[in-house]
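A structural walkthrough
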Amino acid sequence: MSTETGSDVSSDISSDEVTDVIDPRPARRLDVPFQGFVVDMVSDEVDLGEAGGIVRREYVDHPGAVVVVALTDDGDVLLLRQYRHPVGAFLWEAPAGLLDLDGEDPHVAAARELAEEADMNAATWDVLLDLLPTPGGSNEAVRVYLARGLTPVPDEDRHVREAEEADMVVVPVPLEEAAALALAGRLHNAATIAGVLAAAIGRASDWETLRPVDAPWEYRKN
């Protein structure tokens, strides 16, 4: 019995050649049905060539974001409990924030979010991984950092949290336990899960997987 997959399986491409490539198809903006405070909804006409033809695609135009996997000297990762209205749930997440200031260094934005949300500064920063959380419906790009050498922000310099952040809870969780929570379906924030698992893999390889804080980020929009 044969199974039709709908795609050709090629043996001409080796695993060494498997890498994402930026190669945008010709497109023109048709409409911006919604303009928001942070994101817009846009509609483009895209030419996919002879095989795919011309199609209309609607997606969220997003400024991008940074996420921080903050690791203590004891090997705990800091997780924050925050209410997320779109899913109506309190989620445990890593510190994170939008890249909503044009041209801001993403590492600077990440350091600010760590200080504001977890009341921590970090002495050592590395890139864990880069993500496109929902590439079929948004151009959001996320960079996940590893922050180590944590020290508390002085009381007089701490950020006054508001709205959903007002009652935010910060809990240190052993990295291996956080990874187990993710795999058990007890964590649901995609970037947090990816960051925790990447940190667990990185630590197991003596951090050989890390990239420098200024590593190229081709998908960054803002």
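Please refer to the structure placed before this passage.
Residues numbered from 1 in each chain as written. Predicted model: local features only at pLDDT ≥ 70, side-chain atom pairs only at ≥ 80, totals over all residues. Heavy atoms only, no water.

Within the secondary structure layout, serine 43 lies in strand 2 (residues 40–47). On the basis of relative accessible area, serine 43 is assigned to the buried category, the value being 0%. (Helix = DSSP H or I, 4+ residues; strand = E, 2+ residues; numbered from the N terminus. Buried < 20%, exposed > 50% of the residue type's maximum accessible area, 1.4 Å probe, protein only.)

Attention now moves to the sheet that holds strand 5 (residues 76–84). The sheet built from three strands is open, its strands ordered 6-5-10 with antiparallel pairing. Since the sheet does not close on itself, it has two edges, and those belong to strand 6 (89–93) and strand 10 (169–174), each with one partner. The sheet shows a mean angle of 30 degrees between the axes of neighbouring strands, taken without regard to direction. Pairing analysis gives five bridges linking strand 5 to strand 6, with the strands arranged antiparallel. What sits directly across from arginine 81, in strand 6, is tryptophan 92. (Pairing = 2+ DSSP bridges. Axes fitted to C-alpha atoms, helices over the stretch in contact; angles between N-to-C directions.)

So, on to helix 3 (residues 175–183). Regarding helix 3, the residues found buried are Leu175, Ala178, Ala179, Leu181 and Ala182. Along the axis of helix 3, the buried residues cluster in a sector spanning 160 degrees; they form a single face. Next to the buried residues of helix 3 lie strand 5, strand 10 and helix 4 (190–204). Looking one or two places after helix 3, you find glycine 185, whose phi comes out positive at around 80 degrees. (Arc of directions from axis to C-beta. Contact = heavy atoms within 4.5 Å.)

Another aspect to go through is the packing of aromatic side chains. Under the definition given, this model contains two aromatic pairs. Ring centres 5.2 Å apart and planes at 55 degrees place the aromatic pair tyrosine 83 and phenylalanine 90 in the tilted group. Ring geometry for tryptophan 125 versus tyrosine 145: centroids 6.0 Å apart, planes at 80 degrees, classification edge-to-face. One end of the pair, tryptophan 125, is in strand 8 (residues 120–131); the other, tyrosine 145, is in strand 9 (residues 142–152), with 20 residues separating them in the sequence. The exposure class assigned to tryptophan 125 is buried, which follows from its relative accessible area of 13%. Above the plane of the ring of phenylalanine 90 lies arginine 81, whose end atom (NZ or CZ) is 5.7 Å from the centre. If you follow arginine 148 out to its NZ or CZ, it ends over the ring of tryptophan 207, 5.0 Å from the centre. (Phe/Tyr/Trp six-rings, centres within 6.5 Å; stacked < 30°, edge-to-face > 60°. Lys NZ or Arg CZ within 6 Å of the ring centre and 35° of its normal.)

Per the counting criterion, the structure on display carries 11 salt bridges. One salt bridge in this structure joins arginine 84 and glutamate 93, with 2.7 Å as the shortest N-O distance. Looking at arginine 84, the relative accessible area reads 30%, which means it is partly exposed. The residue arginine 143 makes a salt bridge to aspartate 130 at a minimum N-O spacing of 2.7 Å. Of this pair, arginine 143 sits in strand 9 while aspartate 130 sits in strand 8, and the two are 13 residues apart along the sequence. Arginine 143 gets classed as buried once you look at its relative accessible area, which sits at 2%. Linked through salt bridges whose partners overlap, the residues forming this network are Asp130, Arg143 and Arg211. (Salt bridge = Lys/Arg side-chain N within 4 Å of Asp/Glu carboxyl O.)

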